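Here are the chains, one letter per residue:
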Amino acid sequence: MRALSSLLVVAAIPAVLAVKTNDFKTCSQAGFCRRGRALSARVAENPSWRSPYSVDASSVALSPDQAAFTAGVKSSIYPDVKFSLDVRIHDDGVVRVRMDEVDGLRQRYNEAASWALLEEPKVSQKIQWSVGKDGVRAAYGPKNDVQVDVSFEPLKVTLRRDGKEQVVLNSRGLLHMEHFRTKESVAKSKEGMEVPEEGLDTDENAQVVLGSLPRTAWFEGDSEDGWWEETFNSFTDPKPRGPESLSIDIDFPNHGHVYGIPQHATRLDLPLTTGEGAHYTDPYRLYNADVFEYLADSTMSLYGSIPVMYAHSADSTIGIFNAIGSETWIDIGRPSPKSTTSHWISETGILDIFILPGPTPADIFGQYTRLTGTPALPAHWALGYHQCRWNYISSDDVRAVQKRFDEEDIPVDVFWLDIEYAEDHKYFIWDKRHFPDPVDMIKDVEAIERKMVVIVDPHLKRTDDYPVYKQAKDLGLLVKKGDGQTDYEGWCWSGSSAWVDFFHPGSWDWWKSLFKVTPQGEQWSWVESTVNTGIWNDMNEPSIFNGPEISMPRESIHHGGWEHRDLHNINGMLFHNLTSQAAAARTDPPKRPFVLTRSFYAGSQRFGAMWTGDNLGTWDHMAVGVKMVLANNIAGFSFAGSDVGGFFGNPEPEMLVRWYGVGVFSPFFRAHAHIDTKRREPFLLDEPYKSIVRDMLRLRYSMLPVWYTAFREASVTGLPVVRPHFVVFPHDENGFSLDDQFFIGSSGLLVKPVTQKGVAEETVYLPAEDQVYYDYFNHNVYRSTSKGKEITVPAELHQIPLLIRGGSIVSTRERPRRSSPLMKKDPFTLRVALSNDGSARGELYLDDGETYSHRDGKFVWREFIAEKPAKKSKGVRISSRDLAAQKPTEAVDQVALATYDSSNDFAKNVADVRVEKVVVLGLVTKPSSVTTGGKELQWTFTQGVAASAKQEGTASELVIKDPKLSITSDWEILVQA
Amino acid sequence: MNPWLLLLLPLHVLASKGHLKGVSPELAARYVPTKKGSAETWQCLDGSKSIDWTAVNDDYCDCPDGSDEPGTGACPNSSFYCVNEGHIGSLIPSSRVGDGLCEPECCDGSDEAPGVCPNVCKEVGEAYRERVKAEEKLRKTGSKIRSTYVAFAQKEKKRLEDEIAQTEQEIATREKEVARLRDLVERTESLSAAALEERKQSPLYQSLMTHVTALKSLQREHMEHLEREKALGDILDNLRTGYNPNYQDMAVLEAVRGWEQLAGLPHINDVGKDGENENEEELGSDDVTTEEEEEAVEEGMWTAMQLEHQLDDLLNTDYEALLVEHDKHVGAPASPTSILFNLSAYLPDALIPQYEAIRDQVVAVLEMLGLAKGVSDRAADTSKQQKALNDAEHSLRLTKKEKEDAEKELARLFDPEWYGAQGEWKKLHGTCIDKEVGDYIYEVCLFDEARQKPVKGGSTFSLGRFASWNNAPGVEKGSPAYYSKQYYKNGAKCWNGPHRSVTLDMSCGLENAVLSVGEPEKCEYAFKVTSPALCLPLNVSGVKREEL
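Position numbers for residues start from 1 in each chain and track the written sequence from start to end. Just so you know, chain letters begin at A and ligand numbers begin at 1, following the order they were written in. A pLDDT threshold of at least 70 governs which residues receive local features in this predicted model, and a stricter bar of 80 or more applies before side-chain atom pairs are shown or counted, although totals over entire chains, interfaces and linings include all residues. Hydrogens are left out, water is left out, and the side-chain values use all remaining heavy atoms of the structure.

In this section: the overall build of chain A. Along its length, chain A carries 19 helices and 51 strands. Under the scheme applied here, a residue whose accessible area is under 20% of the maximum for its type counts as buried, over 50% as exposed, and between as partly exposed, the area being computed with a 1.4 Å probe on protein chains only. A total of 977 residues make up chain A; the buried ones form 65% of that total. Contact between two residues is taken to exist if any of their heavy atoms lie within 4.5 Å; hydrogens are not considered. For chain A, contacts bridging at least 24 residues in sequence account for 71% of all contacts bridging at least 6. Just so you have it, chain A exposes about 32,900 Å², and 50% of that area is on carbon and sulfur atoms. The helix count covers DSSP runs of H or I at least four residues long, the strand count covers runs of E at least two residues long, and both are numbered beginning at the N terminus. Accessible surface area values rest on a Shrake-Rupley calculation with a 1.4 Å probe, where residue burial reflects the displayed protein chains alone.

This part takes up the packing of helix α14 (residues 653-663) of chain A against helix α15 (residues 689-702) of chain A. Residues and elements named next belong to chain A. Only the contacting stretch of a helix is used when fitting its axis, a line to C-alpha atoms as for every element, and angles between N-to-C directions run 0 to 180 degrees. The contact between α14 and α15 brings their axes to 9 Å, and the two run at 5°. Relative to α15, the element α14 lies roughly parallel. In this structure, α14 contributes P653, E654, V657, Y660, G661 and G663 to the contact, and α15 contributes Y689, I692, V693, M696 and R700. In terms of residue class, the contact of α14 with α15 is built from 7 nonpolar, 2 polar and 2 charged. Here the angle decides the label: under 35 degrees means roughly parallel, over 145 means roughly antiparallel, 65 to 115 means roughly perpendicular, and every other value means oblique. All residues other than Ala, Val, Leu, Ile, Met, Phe, Trp, Tyr, Cys, Pro, Asp, Glu, Lys and Arg, Gly among them, are scored as polar; the first ten of these are nonpolar and the last four charged.

Attention now moves to helix α8 (residues 395-407) of chain A. All names here are of chain A. To estimate how far a helix should extend, the number of its residues minus one is multiplied by 1.5 Å. Counted at 1.5 Å a residue, the expected span for α8 with its 13 residues is 18 Å, and the 18 Å between its end C-alpha atoms agrees. For α8, the complete set of buried residues consists of S395, D397, V398, V401, Q402, F405 and D406. Tucked inside the fold, the buried residues of α8 contact β21 (386-387), β22 (414-417), α9 (438-446) and β23 (451-455). One or two positions beyond α8, positive phi appears at D409, with a value near 55°.

Before going further, it helps to spend a moment on the sheet that holds strand β13 (residues 524-531) of chain B. Residue and element names in this part refer to chain B. Here the rule is simple: two strands pair whenever DSSP picks up at least two bridges between them. Spatially, 8 strands are ordered β6-β7-β8-β9-β10-β11-β13-β12 in an open sheet, and the strand pairing comes out mixed. Edge strands, defined here as strands with exactly one partner in the open sheet, are β6 (432-437) and β12 (513-521). With strand direction ignored, the average angle separating the axes of adjacent strands in the sheet is 25°. Pairing of strand β8 (residues 449-454) with strand β9 (residues 461-469), which is carried by 4 bridges, proceeds in the antiparallel orientation.

All names here are of chain B. The turn linking β8 back onto β9 is made up of 6 residues, and G457 within it adopts a positive phi angle of 85°. Examined bridge by bridge, β9 and strand β10 (residues 485-490) share 5 bridges and lie antiparallel to one another. Residue pairing in the sheet places R465 in a bridge with K489 of β10.

This paragraph deals with the packing of aromatic side chains. Residues and elements named next belong to chain A. Classification of ring pairs uses Phe, Tyr and Trp, with its six-membered ring standing for Trp, and accepts pairs whose centres are within 6.5 Å; under 30 degrees between planes counts as stacked, over 60 as edge-to-face, and the remaining range as tilted. Under the definition given, this model contains 71 aromatic pairs over all chains. Measuring from ring centre to ring centre gives 5.8 Å for Y488 and W499, while their planes differ by 45°; the resulting arrangement is tilted. In this pair, Y488 sits in the loop between α10 (467-474) and β25 (490-492) while W499 sits in strand β26 (residues 495-499), placing the two residues 11 residues apart along the sequence. Assigned by exposure class, Y488 and W499 land together as buried. The structure contains a cluster of three or more aromatic residues connected by ring pairs, namely Y421, F428, W430, F435, F502, W510, W511, F515, W524, W526 and F575. By definition, being over a ring means that NZ of Lys or CZ of Arg is both within 6 Å of the ring centre and within 35 degrees of the ring normal. Positioned above the aromatic ring of W536, the side-chain terminus of R670 is 4.5 Å from the ring centre. The ring of W707 has R700 lying over it, and the distance from NZ or CZ to the ring centre is 4.6 Å.

Residues W302(B), L307(B) and L314(B) make up a contiguous nonpolar surface patch of about 240 Å² in total accessible area. Secondary-structure assignment places L307(B) in helix α7 (residues 304-315). Patch membership is restricted to residues that have no salt bridge and whose relative accessible area is over 30%. Joining uses 9 Å for like charges and 5 Å for the nonpolar side chains Val, Leu, Ile, Met, Phe, Trp and Tyr. Whenever a carboxyl oxygen of Asp or Glu lies within 4 Å of a side-chain nitrogen of Lys or Arg, that contact is scored as a salt bridge.

A few words on the confidence of the model for chain A. For residues with low pLDDT, the predicted coordinates do not support detailed interpretation. Residues and elements named next belong to chain A. When pLDDT is averaged along chain A, the result is 94, and 95% of the positions lie at 70 or above. Low confidence marks residues 1-17, where pLDDT is under 50. Its contacts with residues over four positions away, or in another chain, come to 9 contacts. Long-range and interchain partners of residues 194-214, a stretch whose pLDDT sits below 50, account for 31 contacts in this model, where long-range means more than four residues apart. Confidence scores here are pLDDT values: one per residue, from the predictor, ranging 0 to 100.

Right, let's get into the sheet that holds strand β16 (residues 308-312) of chain A. Residues and elements named next belong to chain A. Spatial ordering of the open sheet is given by β1-β2-β3-β4-β20-β17-β16-β14, a layout of 8 strands whose pairing is antiparallel. Strand pairing shows two members of the sheet lacking a second neighbour, β1 (53-62) and β14 (257-260), which therefore form its edges. If you compare each strand with its neighbour and ignore which way they point, the axes differ by 20° on average. Here 5 bridges tie β16 to strand β17 (residues 317-322), and the two strands are oriented antiparallel to one another. In the sheet register, H312 faces β17, and the bridge partner there is T317. Those strands touched by helix α7 (residues 361-372) are β16, β17 and β20 (351-356), and its axis lies near 20° from that of β17.

Glancing now at the pattern of salt bridges. All names here are of chain A. Inspection of the entire model under this criterion finds 113 salt bridges over all chains. R598 is the salt-bridge partner of E541, the closest N and O atoms lying 2.7 Å from each other. Pair noted here: E541 is in the loop between β27 (534-537) and α12 (564-584) and R598 is in the loop between β28 (595-597) and β29 (609-611), with a separation of 57 residues, a long-range link. For E541, a relative accessible area of 0% gives the class buried. Residue R598 is classed as buried on the basis of its relative accessible area, which comes to 1%. Residues participating in the shared-partner salt-bridge network are D237, R285, E327, E347, E549, R554, E563 and R565.

Right, let's get into the state of the cysteines. Residue and element names in this part refer to chain B. Whenever a pair of cysteine sulfur atoms sits within 2.5 Å, that pair is classed as a disulfide. Per the stated rule, a full pass over the model turns up 9 disulfides over all chains. Put simply, C44 and C63 are joined by a disulfide, and their sulfur atoms are 2.0 Å apart. Between C44 and C63, the S-S dihedral sits near -85°, and the bridge is therefore left-handed. Of this pair, C44 sits in the loop between β2 (39-43) and β3 (50-52) while C63 is found in the loop between β3 and β4 (79-82), placing the two residues 19 residues apart along the sequence.

The subject of this paragraph is unusual backbone geometry. Of the consecutive residues P262(A) and Q263(A), the connecting peptide bond is found in the cis state with omega at 25°. Relative to the helices and strands, Q263(A) resides in the loop between β14 and β15 (284-286). The residue I261(A) is not glycine, and still its phi comes out positive at about 35°. In this structure, I261(A) sits in the loop between β14 and β15. Although it is not a glycine, N77(B) sits at a positive phi angle of roughly 65°. Note that N77(B) resides in the loop between β3 and β4.

In structure tokens, the structure reads:
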């Protein structure tokens, strides 16, 4: 017995350590990926290869009033199959290239963009296409520096800037759109037609062959590999529609770095998958999946997919957004250090690619988020600390956890409930044995102005006593099996379950009605919740325990007759989208909803937050979590974080403390833990760990103004909330691969969370600029150079390497509170970190933090400026100005305000909030006077290094005591030398 | 001055006692200015800094120790004293001062700007006094019950001491009896041993002994297999009921399905939660009957039941007695010399004359002594005497054990680590209290074991056996905090988890009862329990004030 049990334990260990990779496909196990890679390999061996696709010059039809044209496309391999091309240039210079099969057996899936895009983009009426002999051309930009070429023979799309190729579609000839066909027609056409293999060796022959012979065998492979049916593990995909994959090469001839295509647990600067220097053997995969205990370094697909890629060089940034909803594999190669190739292989769908011309990272983010939307401005409280666990087991448990936080004076904003609150995992339905008084419980939490977030997953327990399932079934809103008739049934937490088809428009209002907290007549609604309750959408890949690759069979049918395979990667976003709308619609006027999602797609940033799923409590996972959050941030989805502490495992105190260090610098900051783990709430830690974590949490709360201001910027401009080096310093090549340190918004704060065990100091790279950087905590001065500089900073367990770039003014609120809404009347501290030339600038954005009244002008947006009062002065003038009044059109998301009223209701409400302290770092000499409005203020000065000096050491520090200046008013403080 | 500047002045500072706002009575004497000419200064409490007297409670943190802002929220980690007139004063952390919320600890509302929080100290104070009264009443009534426990312990002391004395006597008597019987057996044995040895040489007996050894080995093997099978069954049952679908591990699912097929169980997920255990029971018992029926078909063969219950009896047969019995039955000359005569058949011819001579002499002697004839009866006598001895020894051991147990109980009676300094817990030893939560009844038999029993039948899990009182660091043995928790550890092991364990969170109550049961971590249970044993008499408790 003893021997037996120890044997079992031994056997269990490997399973606990890592993902079962064989639950998920590699490229060679997916027919269309195999075909795509085989084509790529054959083409690589035959330099003479020319793409069979060409534009029929005679068919080009320019739009008379817009930068758009259509044309017919033919494939020399299938001369009878017709394709159409549609190319248009948007107002902001984004080029959209669409290709579809025309008059085929059926329509290819063409709705991916409609779910991803915020709205139909406006096509430019200024830019003009011109038709030439070989192609269609357009040039635009300030000096016509951007040129787009659509070549006819073969079909190729090139965007150049200043004559330099930025991106080329189909330059290698890997474009292939497998047209719809039937098994019978294929068999028939094969009869008596042997495919000649010769004639590929010379360029000349290649042309001849292209023109005359259908070289299907060479091009498509000589077997019908995975065309009609595929089996993986015990699952057979019947593939009733046959082959319909799409392959396209997208090359960046002048860019040596590519980023994007989340979600993968890998470096930000994407490692290669093909050719020389390949780090991985398999392509990056985009196929939303619930990967149990995923690897910390892999191209395996994870929970979400954003098919956007940026290529970057010191000269320019270029991007592409490939609006495709089906499984997609992406190979990345680097033929030379300064050029990058990519090959995209998708299972189904039309070609619908948006070229984002750049040329700066900031431009790219604008271009991408004009298409798919900027991140929603979160409710302010959502930026606080979230405490989660699978599971807080009862309402009294929740109350007890809250009590312990308060006893220890550790701030927290949100308590979460995982799936065990729900009776038999019937979401919305409280398990009254353990949660007898859910609304009272939520109200007890809300009494400290905190919130609760409760999970609602997409699988519905198939039992008629569950009103949500019953209604969805009766309304015909459930996803169907391959026969298109029977409701699909799968296995998830709730046992035998069904899934709502959110592609069905009939599901939308119905879903929204469920979240109403007041009775809705006959209609069931969640009266046992509150209007502030946040929602957590998990398992929306969808995760299905007994499905292929833990997901839904691909032949399942959604609204409109589309197969699940067509829209798999979009599925999770729709659930998130509708839940977010439902949460907002609980009140009139609506409140900003908080909905966390695990699965996502391009556009998900409009609906709430994401997290990196079920990570492991290892240092590797802690480190890769930082990179994954950065990757999501540059892909438009800023409100991102990873589970603090690691979902699986019991982190030792050192690891947990470091993980909090990561969390306080994540846009979304939540601690979470698996049901099998020990409890690890911060109050349970021994000293000194508990105090360290308390201080870290208080640091996060003190910086909420910084985070909120960064989110305002993201919500308006699309610039990420956390920014890797290449975004902030696009010309500094040393920083292109940095992904373990980053800047917070435009605040000038540079942080490098420690993600290694046993560290006492860290190296931080200072970007290539002649600038001073200050340690946030001890004001030590570091100086970078025009070539960049690596510095060493202290990083004991209680320390987080955090620097302020010279030239920044950082606004904080330094009074510890139990929750963030309790800080709304607290005074501000301004840290003025003078630059080399003695100036500094910072922004502060405030609004009510929970409604949309900011779109009606109810907010405060200030600019703080420090500058020399006179050219050679050693003093400084610090002033507060009204940015909102200067730039009302750029102040808030979704609307361009014509004017700003500085005495709006919100501003009046916070007019008595003051600046209680101003700290000026890097003054040259002790001031002779510090005045505001001619009145001398109280201040102290500590001698130290000046910003403009050459040496390092502790910066000089001027502390101005309580100038009693309102945060909403214009004012000046004059510091005279 | 701009009009808004007026707003910025901390109004509540002006409206109250200024410098002394938020200062606790103990520190009030230290909040006085030092005068130097017209200037008034003040020393931070840690002595680190001298500041203007006006900087005290000016809503700006000057002192590193935060002592200059007792009445505002300006300094982190400082404390604010609410006077709470009509109730009792209390300290709250500075993080709660001026946060817009009315603290229950600060019923006079002094932690917020005037007008924000009403003064509710009258009501709060009354309610508090009511509560104190009610608690005191509870304590009083509870402590009466407790005193009966203490009295019980005294009786127990007497009873145990008596028992020890009594068992001591008994032991002495039994020891004598054992000595007498041992002597008898030894003498009998020495006489009969030689004859018996002879008989044991019989091939039949030898063969029988070989069979016995083989059977014993088989039995041992069989038991091991049964144990293994049961252990495997338990593991698989745990897997089946407890496997975590989050692992989404198809191998686990396969294993569960395979086991269900083999054991004839329905798939766990197909079983409605309510009917689950019933179904299993039914199916389980069906299975047993089928097996028994099948086995019964083979004539003469033992059933599993017989194997389990009768094999031991069979193997416990007194073979020596049997050997003697055997001689009586097989029709061999029932003469006293049968073996001796027969032996010659096995001897080489050359030796026979010598042998016969010796034999005759021996037989003669035996007959003369009257022994030879009674060999078999004597052997039976020996084993009977042996049995008597065994029984006597067993009784002696039992009595000794009784005494030891009594001594142990007596030692524990007033041991703080067991029944408390007054023995107040002795009464509750073995008292079982339970609570039904969901599909299970959670039961704890104090000082013994905690269990989880399915309401609708099925196997009971041990949640652990009594291990200790609250031995957390810093908790003094025998203090009220020490008796506020009991730990039960090393219960049944969880699938993929630890051994189950329970923490009892105990407080004074009129009944011994489980109020609630939780599982804050997987397989680690927390019971809230009340007991009169925790109701200390009012005059005894010096901690009353702090507790409330």
